[in-house]
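Analysis of the macromolecular model
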Amino acid sequence: MMLTNFAYYIPIIHLVNYATHNLQISPTNASFLISIWSISNIIGRMVYGKIISCIREHLITVYQISMFLSGVVSILTYFATSHWSLVSYVIAYGFLDGSFIGLLSLVTLDIVGARDFAQGYGIMLTSIGIPIAVGPPIIGMMNDSKLLQPQFMFVLAGSLFVIGSILINFTRMWHNKDLASAKKNSFLSTNIQDEVKEPVKNTENENLWFVTNV
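Counting restarts for each chain, with residues numbered from 1 along the sequence as it is written. At least 70 in pLDDT is required for a residue's local features to be given in this predicted model, at least 80 for side-chain atom pairs to be given and counted, and no such filter applies to totals for whole chains, interfaces and linings, which use all residues. Note that the side-chain values use all heavy atoms of the structure and ignore hydrogens as well as water.

Let's shift gears to the overall build of the protein chain. The helix and strand inventory of the protein chain stands at eight helices and zero strands. Strands are runs of DSSP state E lasting at least 2 residues, helices are runs of H or I lasting at least 4, and numbering of each runs from the N terminus. Seen in sequence order, the protein chain has helices and strands lined up from the N terminus as α-α-α-α-α-α-α-α. For the protein chain, the proportion of its 214 residues judged to be buried stands at 36%. Residue contacts follow a heavy-atom distance rule, with two residues in contact if any of their heavy atoms lie within 4.5 Å. Long-range pairs, those at least 24 residues apart, make up 79% of the contacts in the protein chain between residues at least 6 apart in sequence. The buried label goes to any residue with under 20% of its type's maximum accessible area, the exposed label to any with over 50%, and the partly exposed label to all in between, with areas taken from a 1.4 Å probe on protein chains only.

If you want it as structure tokens, here you go:
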């Protein structure tokens, strides 16, 4: 998650500057790209909420696919040469980004469970805040020092998204392992309780027989 959080705001924060200086787009049109992204983001949150309400069991898969596609569209921005190509990017990125914020709490709940949700969500927000805060400034300094060409920052951000989506597989494996362990423990606990209850029933029957016959 820290990889994706590091890359999360890089495209948006540097988008206007990239559009005006590299693609010679007017400042007004470049600034309006952020508005388009915001509108698309709102729509994405509502759509993802509806999707997950129908296929709740595939929550992490939907989240993973959305993260992967966010990386792909960011990488493809390397080939953007016009205002409308950036418009297409912010629409797609904003819509897919709706899954990141909208589903984050549900993904955390699925991974850590209801009992540890408060602590897990707090740790999650902390791990999000630090990379998000340092990611864009680091990329900005790299651009200013010519260590990174402007168009490559989208490739870098997209690559981190793709890597992050792949690493979620390890989280899913850990999550599935915990579920299997919990089911096994529940099964054993049920059997033990049944074995404990059985002698009690026999004892009660013996006591009843003794009292009746006496």
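Right, let's get into the nonpolar core. The nonpolar side chains of soluble globular proteins are, as a tendency, buried together. Among the nonpolar cores identified, the biggest contains 44 residues, and Tyr-63, Leu-86, Tyr-93 and Leu-103 are the most heavily contacted of them. Within the residue set of this core, elements represented by two or more residues are helix H1 (2–8), helix H2 (10–22), helix H3 (27–54), helix H4 (59–76), helix H5 (83–102), helix H6 (104–112), helix H7 (117–144) and helix H8 (150–213). Non-local contacts of Tyr-93, meaning those with residues more than four positions away in its chain, are made with Ala-7, Tyr-8, Pro-11, Ile-12, Trp-37, Ser-70, Val-73, Ser-74 and Phe-161. As used in this record, nonpolar core signifies buried Ala, Val, Leu, Ile, Met, Phe, Trp, Tyr and Cys residues forming a set joined through side-chain atoms within 4.5 Å.

Glancing now at the UniProt feature "transmembrane region" (unreviewed entry) in the protein chain. UniProt marks residues 60–80, 86–109, 121–139 and 151–170 with the feature "transmembrane region" (unreviewed entry), using the numbering shown here. Helix makes up 81% of residues 60–80 and strand 0%, whereas the separation of the span's terminal C-alpha atoms amounts to 31 Å. Helix makes up 100% of residues 151–170 and strand 0%, with an end-to-end C-alpha separation of 31 Å. UniProt positions are given in the numbering used here, feature names are shortened, and annotations may be inferred rather than shown by experiment.

What follows deals with the packing of H2 against H7. Every axis in this analysis is a line fitted to C-alpha atoms, fitted for helices over the stretch in contact. Angles between the N-to-C directions lie between 0 and 180 degrees. The contact between H2 and H7 brings their axes to 9 Å, and the two run at 40°. As judged from the angle between their axes, H2 and H7 are oblique. Helix-helix and strand crossings are classified by hand; for H2 and H7 the assignment is right-handed. Counting all contacts with H2, which are made through Ile-10, Ile-13 and His-14, the residues of H7 involved are Gly-135, Pro-136, Ile-139, Gly-140 and Asn-143. Tallied by class, residues from the contact of H2 with H7 come to four nonpolar, four polar and no charged. Note on terminology: angles under 35 degrees are roughly parallel, angles over 145 are roughly antiparallel, angles of 65 to 115 are roughly perpendicular, and the others are oblique. Should the near helix be turned anticlockwise from the far one by less than a right angle, the crossing is termed left-handed; should it be turned clockwise, right-handed. Three classes are used, and their members are as follows: Ala, Val, Leu, Ile, Met, Phe, Trp, Tyr, Cys and Pro are nonpolar, Asp, Glu, Lys and Arg are charged, and the others, Gly among them, are polar.

One can find Ala-92 in helix H5. A relative accessible area of 25% means that Ala-92 is categorised as partly exposed. With 18 residues separating them along the chain, Ala-92 and Ser-74 place their C-alpha atoms 9.3 Å apart.

Position of Thr-28 among the secondary structure elements: in helix H3. Relative accessible area serves as the criterion here: at 62%, Thr-28 is assigned to the exposed category. Residues Thr-28 and Val-16, spaced 12 residues apart in sequence, show a C-alpha to C-alpha distance of 9.5 Å.

For Phe, Tyr and Trp, where Trp contributes only its six-membered ring, two rings pair if their centres lie within 6.5 Å, and the inter-plane angle classes them as stacked under 30 degrees, edge-to-face over 60, or tilted in between. Within the structure shown, the criterion is met by eight aromatic pairs. For the pair Tyr-18 and Phe-154, a centre-to-centre distance of 5.0 Å together with 65° between the ring planes defines the contact as edge-to-face. Of the two residues, Tyr-18 sits in helix H2 while Phe-154 sits in helix H8, which places them 136 residues apart along the sequence. Its relative accessible area of 4% is what places Tyr-18 among the buried residues. Aromatic side chains Tyr-89 and Tyr-93 sit 5.5 Å apart centroid to centroid with 20° between the ring planes, which places their arrangement in the stacked category. Note that Tyr-89 and Tyr-93 are positioned in helix H5 at a spacing of four residues, about one turn of the helix. Across this residue pair, the class does not change: Tyr-89 and Tyr-93 are buried. Here the aromatic cluster, defined as three or more aromatic residues joined through ring pairs, consists of Tyr-18, Tyr-89, Tyr-93, Phe-154 and Phe-161.

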